[in-house]
Amino acid sequence: MNRPENCILVIFGATGDLTKRKLIPAIFALEIQNLLPEKFAILCTSRPDLNDEEFKKLMCESLDKYSEHADPEKVESFINKISYQPVDAKNPDDYPSLLKKLQSLRKELSINGNTIFYLSTPPSLYGVIPQNLAKINCNKQDDGWKRVIIEKPFGYDLESALELNKSLNKNWKEHQLYRIDHYLGKESVQNLLVTRFSNGIFEPLWNRNYVHHVEITSAESIGIEKRGGYYERSGALRDMIQNHLLQIVGFIAMEPPSSMDSNSIRNETVKVFQSIRPIKEDEVINQVIRGQYLASTIRGEKVRGYREEEGVDPNSKTETFAALKFYIDNWRWGGVPFYIRTGKHLPTKVTEAVIHFKPTPHYLFAKKDICESCNQLIIRIQPDEGILLKFGMKLPGAGFQVENVNMDFHYSDLCNQRIPTAYERLIHDSMLGDSTLYARGDAVMAAWKFLEPVMKAWQNNPDIPVYGYPAGTWGPETADNLIEDPTMEWHYPCKNLSDDGKFCEL
Ligand code: BG6
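Residues numbered from 1 in each chain as written. Predicted model: local features only at pLDDT ≥ 70, side-chain atom pairs only at ≥ 80, totals over all residues. Heavy atoms only, no water.

Participant: Got a minute to help me understand the packing of aromatic side chains in this structure?
Facilitator: This model, assessed by the stated rule, comprises 15 aromatic pairs. Aromatic pair Phe12 and Tyr95: ring centres 6.2 Å apart, planes at 25°, arrangement stacked. Remark: Tyr95 occurs in helix α4 (residues 95–109) and Phe12 occurs in strand β1 (residues 7–12); sequence separation between them is 83 residues. Tyr95 carries the same exposure label as Phe12, and that label is buried. (Phe/Tyr/Trp six-rings, centres within 6.5 Å; stacked < 30°, edge-to-face > 60°. Helix = DSSP H or I, 4+ residues; strand = E, 2+ residues; numbered from the N terminus. Buried < 20%, exposed > 50% of the residue type's maximum accessible area, 1.4 Å probe, protein only.)

Participant: Just checking my understanding: could you explain the sheet that holds strand β12 (residues 337–343) for this structure?
Facilitator: The strands that make up a sheet are held in pairs by hydrogen bonds between backbone atoms, and each pair lies either parallel or antiparallel. A sheet is described by the order of its strands in space; here 9 strands give the open sequence β16-β15-β14-β13-β7-β12-β11-β8-β17, paired in mixed fashion. Whereas interior strands pair on both sides, the edge strands pair on one side only; in this sheet they are β16 (402–410) and β17 (466–470). Within this sheet the neighbouring strands show an average axis-to-axis angle of 20°, counted without direction. Helix α8 (residues 228–253) rests against β7 (211–219), β11 (321–327), β12, β13 (350–357) and β14 (376–382) of the sheet, and its axis sits at about 140° to β12. (Pairing = 2+ DSSP bridges. Axes fitted to C-alpha atoms, helices over the stretch in contact; angles between N-to-C directions. Contact = heavy atoms within 4.5 Å.)

Participant: Explain the sheet that holds strand β2 (residues 40–46) here, please?
Facilitator: Across the sheet, 6 strands lie side by side as β3-β2-β1-β4-β5-β6; this open sheet has parallel pairing. Lying at the two open borders of the sheet, with one neighbouring strand each, are β3 (82–86) and β6 (177–179). Pairwise comparison of adjacent strand axes, ignoring direction, gives a mean angle of 20° for this sheet. Here strand β5 (residues 146–150) runs beside β6; their pairing, made up of 3 bridges, is parallel. Following the sheet pairing, Ile149 is matched in β6 by Tyr178. Sitting on the sheet, helix α1 (residues 17–32) is in contact with β1, β2, β3 and β4 (115–119), with an inclination near 170° to β1.

Participant: Explanation requested: the environment of Asn243 in the structure shown.
Facilitator: Topologically, Asn243 is positioned in helix α8. Once the C-alpha coordinates of Asn243 and Val444 are considered, the two residues, 201 residues apart in sequence, prove to be 7.6 Å apart. Every residue in contact with Asn243, bar those within four places of it in the chain, is listed here: Lys152, Asp181 and Arg238.

Participant: Is there a simple way to think about the pairing of β5 in this case?
Facilitator: In regular strands, side chains alternate between the two faces of the sheet. The element β5 is largely enclosed, with a buried count of 5 among its 5 residues. Burial along β5 is two-sided: Lys146, Val148 and Ile150 facing one way and Arg147 and Ile149 facing the other are all buried. Pairing of β4 with β5 involves 5 bridges; the strand directions are parallel. Looking at the pairing, Leu119 lines up with Ile150 of β5.

Participant: Would you explain the site of the ligand in this entry?
Facilitator: The full set close to the ligand counts 13 residues, and Tyr183, Lys186, Glu220, Asp239 and Gln382 are the nearest of them. In this structure, an oxygen atom belonging to the ligand sits 2.6 Å away from a side-chain N or O atom of Asp239. For the ligand, whose free accessible area comes to 400 Å², the fraction covered by protein is 82%. Top contributing element to the shell around the ligand by residue count: α8, with 4 residues. In the shell around the ligand, the residues fall into 3 nonpolar, 3 polar and 7 charged. (Near = heavy atom within 4 Å. Polar contact = N/O pair within 3.5 Å; in protein donor to acceptor, adjacent residues only side chain to side chain. Areas by Shrake-Rupley, 256 points an atom, 1.4 Å probe, with all protein chains shown as cover. Nonpolar A, V, L, I, M, F, W, Y, C, P; charged D, E, K, R; others polar.)

Participant: What is the right way to look at the pattern of salt bridges in this model?
Facilitator: It is possible for side chains bearing opposite charge to pair when their charged atoms get close. With the rule as written, the count across this model stands at 24 salt bridges. Between Glu31 and Lys81 there is a salt bridge, with its nearest N and O atoms 3.2 Å apart. Taken together, the residues span a long stretch of sequence, with Glu31 in helix α1 and Lys81 in the loop between α3 (72–79) and β3 at a distance of 50 residues. For Arg304, the salt bridge identified is with Glu309, shortest N-O distance 3.8 Å. On the accessibility criterion, Glu309 (10% relative accessible area) is buried. (Salt bridge = Lys/Arg side-chain N within 4 Å of Asp/Glu carboxyl O.)

So this is what it looks like as structure tokens:
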């Protein structure tokens, strides 16, 4: 892989959780793999009044806790690349001192102005920081490129996303904006493109003639943990579907791009979002199911219900589970239902996409009730990344008894190499100036536009129920009714959860 040009990475919100848990360990992993620029520095900023040494100590502790690599010598040389500058990101008066520090780092390293600004802050600052940076000319590219990485959520709804985009576009060009969706950085999500477009066997079947329906699940076994404040305003639809799940839909449903460059790929995903049939407000009740986890006992441990969580309104209607059905109105997918669901406190952590193929046109062998005999291609995004194809085989012996068998590929069998984390890949790409795996503005807006009527209906119509589901189950049973075909049901990756709660066979 290429080594990026020399640059400085400035992190806003550097004392937050994301920096500790994900960003610093990911940048350290890049260092271990020799993927950082030859001359490189990380300038961390946040409000607490810490000096370099105090901040470095915090980062050492984070690496100790969250990094897979622990070689003390490497940690030390990496930590020396970090410095800290207290900045109140809202206050324009704090920026000249930031600029001064940035300039002195550039001088020390003798590098030009190449800079990435990573906004790992509360979303309310996503407009403010780039504006304040522009005031000190940090958007100008005369002395080197300038890029801004913006964490999700990009906006709270269509209106606020458009507003944020407008405010960013005042001072920054689209090619300088990197809207992060860490699902796009996952190896297995990228592998969707390779599976589809490097194999002759799947693509001819990848359409309405052969596919019965498509299902995407992203389940989490954890609850909202300590994120009540954030989650109350977000909910599953904004937190997972608007971004991560729809991006997976984009890769599954897109047409082959003309080439693998950023614009060609992003042009195709945006077309998918623009072709999704809008769900009307009055259709929401039937096409979208929302749920909220209730107190329960999981493997002997008591779990609080969502409304009892810290920072959550005891009468909250925020959904911790959402499932929806929609159609993509284009030539490839006309009439094929797509089902997506996500939830907190489900039985296991798993993200997968299942392509359910149509049954054979005629049953030569005994027909099963549930469409077990239909072929399924299961793309396991996490954990245990891989691909599984289910198809029928004759059971040995008299007659023709058919049993579905699995052809199973695990990424771990491909090579012993560790799979890089999504943040490693995305940060490295941003240094290379490759935005393929970042969401483009039009795609983000199209995703919000699609979900707008759902959010409105939930807000305006008190009759739309929020179904309770005991924590540790697969969400409200009503979600099963979304799949109208009585011979079909959701694919439950782990119906029989083992006692130790581990992920079990598909
Ligand atoms: C984040 C959401 O974007 O993705 C979290 O805000 C969620 O609520 C997380 O837990 C899931 O990511 P992953 O990579 O663990 O599936």
